[in-house]
Amino acid sequence: MTTTPPAQAAAPATSGHDWRAPAAACVTVLLWASAFVSIRSAGEAYSPGALALGRLLAGTLTLGALLLVRREGLPSRAAWPGVVGSGLLWFGLYMVVLNWGEQQVDAGTAAMIVNVGPILMALLGARLLGEALPRRLVTGMAVSFAGAVVVGLSMSGHGSSSVLGVVLCLLAALSYAGGVVIQKPALRHGSPLQITTFGCLVGTVACLPFTGVLVSEAADAPVSATLNMVYLGVFPTALAFTTWAYALARTTAGRMGATTYAVPALVVVMSWLLLDEVPALLTVAGGLLCLAGVAVSRTRARNRGASDGPAVAADPPAEAGQGTAGRI
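Thresholds applied
Residues numbered from 1 in each chain as written. Predicted model: local features only at pLDDT ≥ 70, side-chain atom pairs only at ≥ 80, totals over all residues. Heavy atoms only, no water. Helix = DSSP H or I, 4+ residues; strand = E, 2+ residues; numbered from the N terminus. Buried < 20%, exposed > 50% of the residue type's maximum accessible area, 1.4 Å probe, protein only. Contact = heavy atoms within 4.5 Å. Areas by Shrake-Rupley, 256 points an atom, 1.4 Å probe, with all protein chains shown as cover. Phe/Tyr/Trp six-rings, centres within 6.5 Å; stacked < 30°, edge-to-face > 60°. Core = buried A, V, L, I, M, F, W, Y, C linked by side-chain atoms within 4.5 Å. pLDDT = per-residue confidence, 0-100. Salt bridge = Lys/Arg side-chain N within 4 Å of Asp/Glu carboxyl O. Disulfide = S-S within 2.5 Å. Axes fitted to C-alpha atoms, helices over the stretch in contact; angles between N-to-C directions. Parallel < 35°, antiparallel > 145°, perpendicular 65-115°, else oblique. Left-handed = near helix turned anticlockwise from the far one by under 90°. Nonpolar A, V, L, I, M, F, W, Y, C, P; charged D, E, K, R; others polar.

A look at the overall build of the protein chain
And step 1. A count of helices and strands for the protein chain gives 15 helices and 0 strands.
And step 2. Classification of the 328 residues of the protein chain by burial places 54% in the buried group.
And step 3. Here the contacts in the protein chain between residues at least 6 apart in sequence split such that 91% fall between residues at least 24 apart.
And step 4. Accessible area for the protein chain stands at about 13,300 Å²; split by element, carbon and sulfur atoms hold 69% of it.

Structure below.
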């Protein structure tokens, strides 16, 4: 059995390399934005549960291969409550309800509503993990939440199916936030690759009841839809969830959540270019509010990083990786 706390502690030891966590977060944001578009495309041939299972199978195989190559083995016993909890909530429930929600609303709208999750994440992190809630972070999230409300209003004239889509995306946000907060303590006891791999495996097992549907639909699905499903498993799941875990281990859940508010704007652009889904003006306004919230929250991070030092986890990695973990 391989445990990883020593390796994790070594990673943030050199303050000159603190660019790695923000870079990992940027990779996650870009790949998750592309996921909303791919889900929309693959969802035309695959039902929500089948798509989730196919994505998780591809992700688990990719992560398992990487784990074997790196010879990391199993995380310590203390990591497993977080692995199982995040696997069920985030990898399992989240992916099924998100796929379902995306069949009811367009890709950009789904991404914006799901990004209510970071507010819940910050609140849960403060309540359960003892993380701080700086004023600018709270303000930025409030602005972004206003953007999500605007998006919901922009869908109000599309009938009951749109209401269902909004509800499903909000459920996805809840499971997303809960999964992240549950995952955070596990990263003290295993590497990002270990925690992501076995979380993905747990989610895969939870989705096994959809096996028959997946096999049946794969026989009739066009190659493009199946390739989109595989893409979802390899990149937005295997790669992006690992880079997310890497960055999460080095900062707070609330600050990581705030970073994901850049996703909606990227999704709107991608779905416009790739899916010919022209967003309504009100939807665009909501996206701009989401980005404004990111700007507000990140301004706080830069200013405090320059003046207060240890208060911002992402700026001084040595203290962030240890101080934040100590409050879990």
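Things to note about the packing of aromatic side chains
And step 1. What the rule picks out here adds up to 13 aromatic pairs.
And step 2. Seen in terms of ring centroids, Tyr176 and Trp244 are 6.4 Å apart; in terms of plane orientation they differ by 55°. Their pairing is tilted. In this pair, Tyr176 sits in helix 8 (residues 160–186) while Trp244 sits in helix 11 (residues 223–248), placing the two residues 68 residues apart along the sequence. Across the pair, Trp244 and Tyr176 agree in class, each one buried.

Regarding the nonpolar core
Grouped burial of nonpolar side chains is what soluble globular proteins tend to show.
And step 1. In terms of nonpolar packing, the biggest core is built from 65 residues, with Trp90, Tyr94, Tyr176 and Trp244 touching the most fellow members.
And step 2. Per-element tally for this core: the top contributor is helix 11, with 11 residues.
And step 3. When neighbours within four sequence positions are excluded, Tyr176 is seen to be in contact with Trp32, Trp90, Tyr94, Val114, Gly117, Pro118, Met121, Trp244 and Thr260.

Notes on the environment of Ser297
And step 1. Here Ser297 shows up in helix 14 (residues 281–307).
And step 2. According to the relative accessible area criterion, Ser297 is buried, its value standing at 1%.
And step 3. For the pair Ser297 and Ala258, spaced 39 residues apart in sequence, the C-alpha separation works out to 6.9 Å.

Some thoughts on the confidence of the model for the protein chain
And step 1. Averaged over all residues, the pLDDT of the protein chain equals 80, while 79% of them reach at least 70.
And step 2. Confidence drops under a pLDDT of 50 for residues 1–17, and excluding neighbours within four residues, the segment shows 33 contacts in the predicted structure.
And step 3. Low confidence marks residues 300–328, where pLDDT is under 50. Its contacts with residues over four positions away, or in another chain, come to 50 contacts.

Details of the pattern of salt bridges
When the charged atoms of two side chains lie near each other, side chains of opposite charge can form a pair.
And step 1. Within this structure, the stated rule accounts for 1 salt bridge.
And step 2. Across the pair Arg70 and Glu72 runs a salt bridge, and its minimum N-O distance is 2.7 Å.
And step 3. On the basis of relative accessible area, Arg70 is assigned to the exposed category, the value being 57%.
And step 4. Glu72 sits in the buried class, given a relative accessible area of 9%.

Thoughts on unusual backbone geometry
And step 1. A positive phi is found at Arg71, a non-glycine position, where the angle reads about 55°.
And step 2. When its relative accessible area of 74% is taken as the criterion, Arg71 is described as exposed.

Structural notes on the state of the cysteines
And step 1. Throughout the structure, instances matching the rule amount to 0 disulfides.
And step 2. Cys200 takes part in no disulfide bond, and the closest cysteine sulfur, belonging to Cys207, lies 9.6 Å away.
And step 3. On the basis of relative accessibility, which here comes to 0%, the residue Cys200 falls in the buried class.
And step 4. Given the relative accessible area of 2%, Cys207 is considered buried.

What about the environment of Phe145?
And step 1. Relative to the helices and strands, Phe145 resides in helix 7 (residues 135–154).
And step 2. Between the alpha carbons of Phe145 and Val116 there is a distance of 6.0 Å; along the sequence they are 29 residues apart.
And step 3. In this view, Phe145 contacts Val116 and Ile119; residues no more than four positions away in its chain are not counted.

Section: the packing of helix 2 (residues 20–42) against helix 4 (residues 80–102)
To describe two helices that pack against each other, one gives the angle between their axes and the distance between the axes.
And step 1. Two numbers describe how helix 2 lies on helix 4: the axes approach to 9 Å, and their chain directions differ by 55°. One element, helix 2, and the other, helix 4, form an angle in the oblique class. Along this stretch, helix 2 crosses helix 4, giving a crossing that reads as right-handed. Contacts from Trp32, Phe36, Ile39 and Arg40 in helix 2 reach Trp90, Tyr94, Leu98, Asn99 and Glu102 in helix 4.
And step 2. Across the contact of helix 2 with helix 4, the residue classes break down as 6 nonpolar, 1 polar and 2 charged.

Digging into the packing of helix 4 against helix 9 (residues 192–206)
And step 1. Two elements in contact, helix 4 and helix 9, have axes whose closest approach is 7 Å; the angle formed by their N-to-C orientations is 55°. As judged from the angle between their axes, helix 4 and helix 9 are oblique. As helix 4 packs across helix 9, the resulting crossing turns out to be right-handed. Residues Trp80, Val83, Val84, Gly87, Leu88, Phe91 and Gly92 of helix 4 touch helix 9, and the partners they reach there are Ile195, Thr196, Phe198, Gly199, Cys200, Val202, Gly203 and Ala206.

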